[in-house]
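Fold and contact review
If you want the building blocks of each chain, they are given just below.
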Amino acid sequence: LTGAECPGYIRYKGQGQGFADADTVLMMTAVGLTSEAMLVSGGVINPKEDDLRRLNEILEDQKGLRGEAKDREMYRVRLLTQEFVSANHATIEAVAEALIKRKTLTGDEIEQIVKRG
């Protein structure tokens, strides 16, 4: 549901509520980007990463933030996602390993991995 070929970040579904709001998608995108950086590239985020463009679009187009307000929100999101990834490192790693093996996972499969911790 993401990526250049399907720029549908607004298509993330909430728990039975239709489309997720901008804040939820912002956090989901940031957690993915932060997880990748922390677990794969030694904490380095590629400045050409498509998720950075997506985060910027959400902050500007959906939340209406510009300048210092956007910078503060990006910093806040970065801190929250780093905390989340650190606290859930083992689970994120388990999901990543399952994705490497199978290439795709259903929501139920991810839920099972999360429950195992």
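Described below are features of the structure shown in this document.

Regarding the environment of Leu 26
- Note that Leu 26 resides in helix H1 (residues 22–39).
- For Leu 26, a relative accessible area of 1% gives the class buried.
- In the structure, Leu 26 is positioned 30 residues away from Asn 56 in sequence and 9.3 Å away in space, judged by C-alpha atoms.

Remarks on the pattern of salt bridges
- Summed over all chains, the structure comprises nine salt bridges.
- Lys 70 is paired through a salt bridge with Glu 60; the nearest N and O atoms lie 2.6 Å apart. Placement of Lys 70 in helix H3 (residues 67–87) and of Glu 60 in helix H2 (residues 50–62) is noted, with a sequence separation of 10 residues between them.
- A relative accessible area of 22% means that Glu 60 is categorised as partly exposed.
- Among the charged side chains, a salt-bridge network with shared partners connects Asp 50, Asp 51, Arg 53, Arg 54 and Glu 57.

Remarks on the side chain of Thr 91
- Note on placement: Thr 91 falls in helix H4 (residues 89–102).
- Overall, Thr 91 belongs to the buried group, its relative accessible area being 15%.
- Non-local contacts of Thr 91, meaning those with residues more than four positions away in its chain, are made with Ile 113, Val 114 and Gly 117.

Some words on unusual backbone geometry
- The phi dihedral of Lys 103 is positive, around 75 degrees, even though this residue is not glycine.
- Residue placement: Lys 103 occurs in the loop between H4 and helix H5 (107–116).
- Overall, Lys 103 belongs to the exposed group, its relative accessible area being 65%.

Basis of the calculations
Along each chain, the written sequence defines residue order, and numbers are assigned to residues from 1. Since the coordinates come from a predicted model, pLDDT governs what is reported: local features require at least 70, and pairs of side-chain atoms require 80 or more to be given and counted, while whole-chain, interface and lining totals use all residues. Only hydrogens and water are set aside; all other atoms, that is, all heavy atoms of the structure, feed into the side-chain values. The numbering of helices and of strands both runs from the N terminus, where a helix is a DSSP run of H or I of at least 4 residues and a strand a run of E of at least 2. Under the scheme applied here, a residue whose accessible area is under 20% of the maximum for its type counts as buried, over 50% as exposed, and between as partly exposed, the area being computed with a 1.4 Å probe on protein chains only. Salt bridge criterion: a side-chain nitrogen from Lys or Arg within 4 Å of a carboxyl oxygen from Asp or Glu. It only takes one pair of heavy atoms within 4.5 Å for two residues to be counted as in contact.

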